Amino acid sequence: MDRYRIRPGKKFKLDEFSPDETGDFEGKKQKGIEKFETFRSEIDKLQEVMYSENKHRLLIVFQAMDGGGKDGTIRAVFDGVNPQGVKVASFKTPSAEELSHDYLWRIHAKTPKKGEIVIFNRSHYEDVLVVRVHNLVPKDVWKKRYQQINNFEKQLAEEGTTILKFFLHISLDEQKERFMERLDVPEKNWKFNAGDLEERKLWSEYMKAFEEAIAKTSTEWAPWYVVPANRNWFRNMVVSSVIAETMKSLKMEYPKPDIDVDLMKKLLADS
Ligand code: AMP
Ligand code: MG
């Protein structure tokens, strides 16, 4: 899955990444789904250990265009985890109070505590994406944010938070199909906003903004993965693979009991 990780300092062009790609799994959808199932159950078990160990923090950021599959990925990948140790934070248009603080204020407040996985459905990256595309702040303000974000994420990492960032990369055509489905299926109508059509017109502006954001903020301590996301099964497999491998690398362990188990058993039996 390393091929989807963006290396800091290397040239990065988004149009060199095809949203249609299925890597070594071309024509092997069933195999990809099986792989995904394996990674998913690994994540479930690893999360159990993470929660019990109460030591590491994991922050997972999802960004995508509308219809990119953020909700679907979160639902699929975290299907079996213990809800006690996993939270999802969705960032919408900032409230008046949020806007009266700096843009990282609402973000920092949602970062994971020890033992916890927090999933960001949108994030502080909106502040260099939608904010840039719509000129919500002047250019000299958002330009500075790449460095600020790197510093912020570095501080989180140095304090023990593992950070993964995924850009779910779909094509303009794929978005159209997904929007059409949202309009065709009554149960999905709620997901469609009239504003989605306006945003769609700004596709190339968004791609420019994503490209610069990813290039400037993929770091050793908080890497970006550009995930081909036109095929849901492949997207799920890539995301779950990266998360499972990262969690394994933390070498987590169930806490050692601070009791004498045999003695406790004896006392319990006699009670
Ligand atoms: P959704 O995730 O589809 O429910 O939509 C949430 C909306 O909130 C999207 O249109 C985002 O672009 C918008 N949003 C999220 N964060 C920000 C932000 N910092 N500034 C402006 N709009 C934002
Ligand atoms: Mg939306």
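Details of the structure are given in the entry above.
Rules and cut-offs
- Residues numbered from 1 in each chain as written.
- Chains lettered and ligands numbered in written order.
- Predicted model: local features only at pLDDT ≥ 70, side-chain atom pairs only at ≥ 80, totals over all residues.
- Heavy atoms only, no water.
- Helix = DSSP H or I, 4+ residues; strand = E, 2+ residues; numbered from the N terminus.
- Contact = heavy atoms within 4.5 Å.
- Expected span 1.5 Å × (residues − 1).
- Buried < 20%, exposed > 50% of the residue type's maximum accessible area, 1.4 Å probe, protein only.
- Arc of directions from axis to C-beta.
- Phe/Tyr/Trp six-rings, centres within 6.5 Å; stacked < 30°, edge-to-face > 60°.
- Lys NZ or Arg CZ within 6 Å of the ring centre and 35° of its normal.
- Pairing = 2+ DSSP bridges.
- Axes fitted to C-alpha atoms, helices over the stretch in contact; angles between N-to-C directions.
- Near = heavy atom within 4 Å.
- Polar contact = N/O pair within 3.5 Å; in protein donor to acceptor, adjacent residues only side chain to side chain.
- Areas by Shrake-Rupley, 256 points an atom, 1.4 Å probe, with all protein chains shown as cover.
- Nonpolar A, V, L, I, M, F, W, Y, C, P; charged D, E, K, R; others polar.

Visitor: Explain the environment of Asp 44 here, please?
Guide: Counting through the fold element by element, Asp 44 comes out in helix H1 (residues 29–53). Taking the C-alpha atoms as reference points, Asp 44 and Leu 197, separated by 153 residues in sequence, lie 37 Å from one another.

Visitor: Teacher, can you tell me more about the side chain of Glu 53 here?
Guide: Within the secondary structure layout, Glu 53 lies in helix H1. Contacts of Glu 53, omitting those with residues within four sequence positions, involve Met 252, Glu 253 and Pro 255.

Visitor: Looking at this model, I keep getting lost on helix H7 (residues 145–158). Mind explaining?
Guide: Owing to its 3.6 residues per turn, the α-helix brings residues three or four apart onto one side. For H7, with 14 residues, the first-to-last C-alpha span of 20 Å sits near the 20 Å given by 1.5 Å per residue. Those residues of H7 that sit buried are Arg 145, Tyr 146, Ile 149, Asn 150, Phe 152, Glu 153 and Leu 156. The buried residues of H7 occupy one face: seen down the axis, they fall within an arc of 165°. Of the surrounding secondary structure, the elements contacted by the buried residues of H7 are strand S1 (57–64), helix H4 (105–108), helix H5 (130–133), helix H6 (139–142), strand S4 (161–169) and helix H10 (203–217). Positive backbone phi, approximately 105°, marks Gly 160, located one or two places after H7.

Visitor: Honestly, the packing of aromatic side chains in this entry has me stumped. Any pointers?
Guide: Each pair of aromatic rings is reported with the distance of its centres and the angle of its planes. Scanning the model with the defined rule gives 10 aromatic pairs in all. By the ring-pair criterion, three or more aromatic residues cluster together here, those being Tyr 4, Trp 233 and Phe 234. The ring of Tyr 103 has Arg 145 lying over it, and the distance from NZ or CZ to the ring centre is 4.2 Å. Against the face of Trp 221 rests Lys 154, its NZ or CZ located 4.9 Å from the ring centre.

Visitor: Explain the sheet that holds strand S2 (residues 86–90) here, please?
Guide: By definition, the strands of a sheet pair up through backbone hydrogen bonds, in either a parallel or an antiparallel sense. If you walk across this open sheet you meet the 5 strands as S2-S3-S1-S4-S5, and the pairing is parallel. The open sheet has two edge strands, S2 and strand S5 (224–228), and neither has a second partner. Across the sheet, the mean angle from the axis of one strand to that of its neighbour is 20°, orientation sign disregarded. Looking at chain direction, S2 and strand S3 (residues 117–121) are connected through 5 bridges and run parallel. Bridging across to S3, Val 88 finds its partner in Ile 119.

Visitor: Where do I start with the site of ligand 1 in this structure?
Guide: Taken together, Asp 66, Phe 91, Lys 92, Thr 93, Pro 94, Arg 106, Arg 122, Glu 126, Asp 127, Val 130, Val 131 and Leu 136 form the complete shell of residues around ligand 1. Lys 92 places a side-chain nitrogen or oxygen 2.5 Å from an oxygen atom of ligand 1. Side-chain polar atom of Arg 106 to a nitrogen atom of ligand 1: 3.1 Å apart, as the coordinates give it. Within the complex, the protein chains bury 76% of what would otherwise be the 500 Å² of accessible surface of ligand 1. Tallied by class, the residues present in the shell around ligand 1 amount to 5 nonpolar, 1 polar and 6 charged.

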